[in-house]
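A look at the structure
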Amino acid sequence: MTAPLEAAEPAVQAAGPGDERPTRRGTLQYALSKAGGALFSIAMVIVGTFFVFRLLPGDPVRNLAQGRNMTPAQLDLERRRLGLDQPMIDQFFDFVGKTLRLDLGISYEYKRPVLDLIGERLGPTLLLAGTGLVIAVSLGIWQGTRAGWRHGSRFDRFSTGASLVLWSVPTFWLGLLLMMVFGVGIGPIPGLFPFRGIESVDAPDGFAYILDVASHMVLPCLTLVAVVYAQYLLVMRSSLLEEVSQDYVTVARAKGLRDDEVRRRHAVPNALLPTVTLVFMRIGFVVGGAVTVETIYTWPGLGQLFYEAVRVPDFTLMQGTFLLITVAVVVMNTLADVVYHMLDPRVRSA
Amino acid sequence: MTSPAAARRRLALSRFWADFRTHRGGMAGLVTLVVAVALALVAPLFISADVTSVVSGTGERWAPPSLSEPFGTDESGRSILLMVWWGSRTSLLIGFLAALLSVVIGLVVGVAAGHFRGWLGGALMRVTDWFLVLPSLVTALVLAAILGGSTFTIIMAIGITTWPATARLIRAQTLAVEARPYIERSKALGAGHWHITTRHVLPNVAPLLLASTTLEVASAIVTESTLAFLGASANKTSWGTMLRASYDFGAATQGAWWYILIPGLAILAVVMAFTLVGRALEAVLNPRLRRAA
Amino acid sequence: MRKWFARLATLGVALLVAGQGTTAALAQDPAAGKKTVRVGATQSMDSMNPFLAVRLVSTSIHRWMYGYLTVPDSKTLQPSPDLAESWTTSEDGLTWTFKIRAAKWSDGKPVTAEDAAWTFNKMMTDEAAKTANGPAVENFESVTASGQDLTIKLKAPQASMLENPVPIMPKHVWESVTDMANYDAEKYPTVSSGPYIAVEHKKDQHVKLQANPNYWRGKPKIDELQVVFYDNPQAAIAGLKNGDIDLIGRLQPPEFEAIQNDPNIEAWNTQGRRAAYLQINHGATTTDDKPVGDGHPALKDLKVRQALHYAIDKQKLVTEVQNGLAKPADGSIVPPMYKDFFWEATGDTKVTYDPAKANKILDDAGYKKGSDGVRTMPDGSRKLEFRFTIHTDTPIEDKLAEYLTGFFKEIGITLTTVKLDSSKFSEETGVTGNFDIAISGWSVNPDPEEVMATHLCSRRPAPGGEGGGTESFFCDETFEKLYQEQLKELDRPKRAEILKQMQERLYTQAPIIAIYYPNDLEGYRKDRITSITPIPEDKGLLYGGSSYWPFYTVDAKATAASGGASGGGSNTGLIAGIAGGVVAVGLVVFLATRRRKSTADERE
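Described in the following lines is the structure provided in the data block. Along each chain, residue indices are assigned from 1 in the same order as the chain's sequence is written. Here every chain gets a letter starting at A, and every ligand a number starting at 1, in the order they are written. Per-residue local features of the predicted model are confined to residues with pLDDT of at least 70, and side-chain atom pairs are confined, for both listing and counting, to 80 or more; whole-chain, interface and lining totals are unaffected and use all residues.

1. With respect to the overall build of chain B
The helix and strand labels rest on DSSP assignments: H or I over at least four residues marks a helix, E over at least two residues marks a strand, and numbering proceeds from the N terminus. Across its full length, chain B holds 12 helices and zero strands. Over its C-alpha atoms, taken along the principal directions, chain B stretches across nearly 75 × 45 × 35 Å. Counting the 293 residues in chain B, one finds 52% classified as buried. By definition, residues are in contact whenever their C-beta atoms, placed on the basis of the backbone, come within 7 Å of each other. Sequence separation of at least 24 residues holds for 71% of the intrachain contacts in chain B that already meet a minimum separation of 6. Our exposure labels follow a C-beta count within 10 Å of each residue's own C-beta, placed from the backbone: buried means 20 or more other C-beta atoms, exposed means 12 or fewer, and partly exposed covers the counts in between.

The following block contains the structure:
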């Protein structure tokens, strides 16, 4: 819940038919240049991470120990294990080398490789964020199309208003309210959905297991969808509005095409592009939402792991999860850029 | 009637106001905002930080809303109404300062990237793009965790993670402005970088900046509350820390719905007001959107 | 529009009904007839490896899984036999011989002295194995085994030998572990010698333990013990109220109040094992006696510290900050639940709330009040303005800070609050000494030796900032001498007497000021748990006791044929409806797009 709404709209323009876009360049060449940019970004992330985490005040080993009583021998061992006895420049190259080999270090709190910990939590996050994203995008596009096409209608006013409200609500607050109403239950109404974890402790097997997980997903998913779908709706609506006033729409109508067909065949495909790009551009936003949602509902995902690392604080783990999340977001953005380039003829031949 | 330029500006302003007034949502938001900011400013005339003190809070604990306590009391018998009122000062202050920081960085980088084409502009855009993709909540949490959660760090963390959107917007606008012929003329007359950017570009990007700032404030308030909820903030009473306290003290299991609802609704109202004003400003200022909306 | 919603609603209801049907059929509860107890925890496990695990939830679970040399007796808390059925000590107190019981590991192999010797030797030789309980073997010279006899030779006498906190591990299973630092011990079922065997661990979700049929005291009464993790404490309380979990411990006062009036829940409120105190920077030094940090010079004066003590209304703190669920501290760091070791101030030594007296002490010592009501140092160099360091994100400490600020204002001392996150906090209050007054607390074990040791000279940080673990930067000759004496004193009553003198010393010298002993607050479902014995058995603790006893003695109702009756949130019947709901949500989108096509013609 941190990206300004306005960023949602202009960002699309920025990613869209931009002014600095190379003219008449092949898609492959474009993709390569974008990939180069992404690699550069990733390199910056790695370097930035190294230095930000060295900004920590105090002795890193002591920070790790969190005031636990350690013998000098233990401290020494820890220091050597972390390579802190080396000069800074060696530490830096060591860090870069290890990161490139996907060695993210050992979590102090869990005493296990960070990569393993991340691997365990990846699935649940992909399940939650993925499902949430699919629902949010579909719902946003559908409702945005409807609202934009029948601009000014009751439906339009209602859905724009609703999405503005949802946009303004802090994720955690909505999550807590939903938990109270649908999880715990209020007054005589019993709670409907489980509000802890990804499955029951005594989870059944087979199909019933899927139902069990699905039931646990309802509340976290609902929270995530409610918060992220608003921006998709608003962007879809405004880009459709823009298409509606284009000449080709008027021409299509003049040809006598049915209203429905004009929309489906002409306006929507064009208006879809900025929205789809936005979906990728704002993946970081979904990740932010996932941190909050997973924490509230004890969902065993990456967001929860990251939050726990922040709370302990376990800096190795925090560093590893931060790196991974950021790199994932960079990759998604680059993909979005390339896909956009391939799909939108206006960009390609501008 | 000092100069024709001033007159022209005044005319533009009144036209802008006439346009803005047609946006009902924007007007509603503006009224809400003026009221909220005015209330926050005059708060010290009526109440003091004592309303957040657990020592002087002598009321009944967990009292539901009543005539004497319209919004009920919290776990220490403090009035939720007065705390929300006092807390609005911190929430709004962080909102405004973080937005200001974000917009200032965005403005400087954006104008520079638009004005200096060459490698400098390119490099600045690279940096901007890089910051743009950083997941902002995650980054802000890391920064707050590393640097501690004082008001200052929270403002820094929000400002640093949100400026790139503004920078992109400003850069696009700068490019558009500098393409106009009178800039060419100005250059021919020997105007330097400073003159062009401050005299010609700045006045032209200022209105858009206003819209952008408004929306930044909204998102900064939400981010502050989220950081406070996630426990990364060591602030004085704000709406976010109130919600955190309602969670820590188990308002939900106590059935104290007012403790959870009121600060949340305050955030909702103010953030929505900012958003509505920002959208209306954008619609008025951006002809592309104006046609559409 | 309206028609569309109506159709959707119908579909939703249809799905819900259908869903109920399917799962009702599927709900052949495999757990039927089993006795299961679910314990909620607001912390997840850090490691299944007892050599590494330090979180409280992990050490508790390990206490349910493994045997120890000795355990506190369930009635008196005195050391009593566990895997060691008897023991003898040499004259000089340096050689201890334990006779290991003829018990069996859960895989049927016999427990021998070799297992214990391997465990201790591993810790003495492998730095990584010291992570969890390193100090416990620091004083060990050698550990040898022959048959069922375990011989431990010490470097110096140690009376707390019988409070050894190290779980005995099966040598035949653990021998092959080479890299202890990175061994996660996620192998199930575990080989244990305690009442339970771990059979499943889903990270950050739950741990399942099964009764150990080979347990030497006999199999526990229940079949399965589950520990369910919650990130969100509010959700955990709601889970107890809903019946998702049966017991939860370590509650905060507000959480306890929330379950207090629930008819199905037994609210457990007994004396706790924790002491909360203020740590006062009375001149922090390193082990070479060089001053460190920037503590206020006035606090070096014992009179100022005593005046602070007189100015604190402990009863008010208990009522307002702890909601009355604590006991004001008229003693030191050992809470009253440990009857043998608890020391309470009486007569002249006892400090009671008396701001007038506090003012008088300061007046007499020459700290004069300025025009602003704030006192200055006798030489006028500095005002008595202290910092109070607390943790970020602990609302109870915020409250405490406000009250203390008020109390100290009465005696002309200004207190400002400094909030630090936990790592910074321990750095500044335990190593760098950059604080004036800080909040602190300690959960005391049945033997108070460890908590006493946190006030020794040797626990101060080394000049390079290493070592440490001091709770007060205290370094007092009398205290040191008493500590050495109690180490050698093997007679329990005599040793208790020395430990009490040490507490008195802490009380009168005031490097720390104990403010209250928080109660142990827990809750369990009366309709599920039929009996549970606390430790100690007379008004003791359940989960908060970190003992196997309550969970060994716990008995519960067997699970009924189908899910929990009291609306168990995660149980069968509901799952169905819920799943139906999800599908309905998914279908909204699908349907929406489909409808476009089918109704294209009938639209304007």
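2. Remarks on the overall build of chain C
For chain C, the helix and strand inventory stands at 16 helices and 21 strands. The buried share of chain C, reckoned over its 604 residues, is 53%. Restricting the contact set of chain C to residue pairs at least 6 apart, pairs at least 24 apart contribute 68%.

3. Concerning unusual backbone geometry
Residues and elements named next belong to chain C. Here Tyr188 and Pro189 are connected by a cis peptide whose omega angle stands at -5 degrees. Looking at where Pro189 falls in the secondary structure, it is placed in the loop between helix H4 (171–174) and strand S8 (196–202). Phi angles above zero are rare outside glycine, and Asn323 is one such case at about 55 degrees. Relative to the helices and strands, Asn323 is located in the loop between helix H8 (314–321) and strand S14 (326–328). In this structure, Ala510 takes a positive phi of about 50 degrees despite not being glycine. Looking at the secondary structure, you find Ala510 in the loop between helix H14 (492–509) and strand S18 (512–518).

4. Looking at the interface of chain B and chain A
Every contact between the two is made by 46 residues of chain B and, on the other side, 48 residues of chain A. Looking at the side of chain B that touches chain A, the elements that each hand over two or more residues are helix H4 (118–133), helix H5 (136–147), helix H6 (151–178), helix H8 (193–229), helix H9 (239–248), helix H11 (257–285) and helix H12 (287–292) of chain B. Sort the elements by how many residues they give to the side of chain B that touches chain A and H8(B) lands first, with 11 residues. Looking at the side of chain B that touches chain A, its residues break down into 30 nonpolar, 12 polar and four charged. Only Asp, Glu, Lys and Arg are considered charged, only Ala, Val, Leu, Ile, Met, Phe, Trp, Tyr, Cys and Pro nonpolar, and every remaining residue, Gly among them, polar.

5. Describing the sheet that holds strand S6 (residues 140–146) of chain C
Residue and element names in this part refer to chain C. In spatial order, the strands read S4-S5-S7-S6; together these four strands make up an open sheet with antiparallel pairing. Strands with a single pairing partner mark the edges of an open sheet, and in this sheet they are strand S4 (84–89) and S6. Sheet twist, expressed as the average angle between the axes of neighbouring strands with direction ignored, equals 20 degrees. DSSP calls a pair of strands paired once it identifies at least 2 bridges connecting them. Pairing of S4 with strand S5 (residues 95–100) involves five bridges; the strand directions are antiparallel. Across the sheet, residue Thr88 finds its bridge partner in S5, namely Thr97. Sitting on the sheet, helix H3 (residues 113–125) is in contact with S5, S6 and strand S7 (149–154), with an inclination near 155 degrees to S6. For helices, the axis comes from a line fit to the C-alpha atoms of the stretch in contact; other axes are also lines fit to C-alpha atoms, and the angle between any two N-to-C directions lies between 0 and 180 degrees.

6. Some thoughts on the pairing of strand S15 (residues 385–391) of chain C
All names here are of chain C. Looking at chain direction, S15 and strand S16 (residues 414–420) are connected through seven bridges and run parallel. Bridging across to S16, Ile390 finds its partner in Lys419. A crossover links S15 with its parallel partner S16, the connecting element being helix H10 (residues 395–410), and its sense is right-handed. Pairing between S15 and strand S17 (residues 437–443): two bridges, direction parallel. The handedness of a crossover follows from its direction of travel: if, with the strands pointing away from the viewer, the path from the first strand over the helix to the second runs clockwise, the crossover is right-handed.

7. Quick notes on the packing of helix H2 (residues 24–46) of chain B against helix H3 (residues 80–115) of chain B
Residues and elements named next belong to chain B. H3 packs onto H2 with a crossing angle of 110 degrees between their chain directions and a minimal axis gap of 9 Å. One element, H2, and the other, H3, form an angle in the roughly perpendicular class. Residues Ala36, Val37, Leu39, Ala40 and Ala43 of H2 form the contact with H3, whose participating residues are Trp85, Trp86, Ser88, Arg89 and Leu92. Counted by class, the contact of H2 with H3 contains eight nonpolar, one polar and one charged residues. Comment on the angle field: the value is read as roughly parallel under 35 degrees, roughly antiparallel over 145, roughly perpendicular from 65 to 115, and oblique elsewhere.

8. With respect to the nonpolar core
Each nonpolar core comprises buried Ala, Val, Leu, Ile, Met, Phe, Trp, Tyr and Cys residues, the members being joined through C-beta atoms within 7 Å. Judged by nonpolar contacts, the single largest core of 331 residues is most densely connected at Val225(A), Tyr232(A), Leu141(B), Val39(C), Ile513(C) and Ile515(C). Looking at this core element by element, the count peaks at 22 residues for helix H9 (residues 206–244) of chain A. Residues contacting Ile513(C), with those up to four places away along its chain left out, are Tyr277(C), Leu278(C), Ile280(C), Leu308(C), His309(C) and Ile312(C).

9. A closer look at the packing of helix H8 (residues 171–184) of chain A against H9(A)
What describes two packed helices is the angle between their axes and the distance between those same axes. Residues and elements named next belong to chain A. Where H8 meets H9, the axes come as close as 10 Å, and the angle between the chain directions of the two elements is 140 degrees. Here H8 is positioned oblique relative to H9, judged by the angle of their axes. The two elements H8 and H9 cross, and the hand of that crossing is right-handed. Residues Thr171, Leu174, Gly175, Leu178, Met179, Phe182 and Gly183 of H8 pack against Leu219, Leu222, Thr223, Ala226 and Val227 of H9. Left-handed describes a crossing whose near helix is turned anticlockwise from the far helix by less than a right angle; the clockwise case is right-handed.

10. Quick notes on the sheet that holds S17(C)
The strands making up a sheet are joined through hydrogen bonds of the backbone, oriented either antiparallel or parallel. All names here are of chain C. As summarised here, the arrangement of the six strands in space is S14-S18-S13-S17-S15-S16, forming an open sheet in which the pairing is mixed. Whereas interior strands pair on both sides, the edge strands pair on one side only; in this sheet they are S14 and S16. The sheet shows a mean angle of 30 degrees between the axes of neighbouring strands, direction not considered. With respect to the sheet, H10 is in contact with S15, S16 and S17, its orientation differing from that of S15 by roughly 165 degrees.

11. Considering the environment of Arg460(C)
Among the structural elements, Arg460(C) can be located in the loop between helix H12 (449–453) and helix H13 (477–488). For the pair Arg460(C) and Arg528(C), spaced 68 residues apart in the sequence, the C-alpha separation amounts to 49 Å.

12. A short note on H13(C)
All names here are of chain C. Across its 12 residues, H13 extends 17 Å between first and last C-alpha, which sits within 8% of the 16 Å expected from 1.5 Å per residue. Within the span of H13, buried status applies to Phe479, Leu482, Tyr483, Gln486 and Leu487. Along H13, the residues classed as buried sweep out an arc of 140 degrees about the axis, all on the same side. Exposed positions of H13 whose direction lies more than 90 degrees from the buried face are Glu477 and Thr478. The elements touched by buried residues of H13 are H12 and H14. The span one expects for a helix is its residue count, reduced by one, times 1.5 Å. In this description, one arc is meant: the one made by directions from the helix axis to the C-beta atoms.

13. Details of the environment of His296(C)
Residue and element names in this part refer to chain C. Inspection of the secondary structure puts His296 in the loop between strand S13 (274–280) and helix H7 (302–311). Distance from His296 to Glu385, taken between C-alpha atoms, is 8.1 Å for residues 89 residues apart in sequence. Setting aside chain neighbours within four positions, we find His296 in contact with Phe386 and Asp436.

14. With respect to H5(B)
All names here are of chain B. Under the 1.5 Å per step criterion, the end-to-end length of H5 is 16 Å for 12 residues, consistent within 8% with the ideal 16 Å. Most of H5 sits out of view: 11 of its 12 residues are buried. The positive-phi residue at the C-terminal boundary of H5 is Gly148, with phi of around 85 degrees.

15. Here we look at the pairing of strand S19 (residues 520–525) of chain C
Residues and elements named next belong to chain C. In terms of burial, S19 is largely enclosed, as six of its six residues are buried. Alternating positions in S19 separate into two faces, Asp520, Glu522 and Tyr524 on one and Leu521, Gly523 and Arg525 on the other, with burial throughout. As judged from the two bridges shared by strand S11 (residues 247–248) and S19, these two strands associate in the antiparallel manner. When the sheet's bridge partners are listed, Leu247 is paired in S19 with Tyr524. One ladder, built from six bridges, connects strand S12 (residues 265–270) with S19; its direction is antiparallel.

16. Describing the environment of Ala41(C)
Residue and element names in this part refer to chain C. By the element assignment, Ala41 lies in strand S1 (residues 36–41). With 384 residues separating them along the chain, Ala41 and Phe425 place their C-alpha atoms 25 Å apart. The residues touching Ala41, leaving out its near neighbours within four places in the chain, are Val57, Val227 and Phe229.

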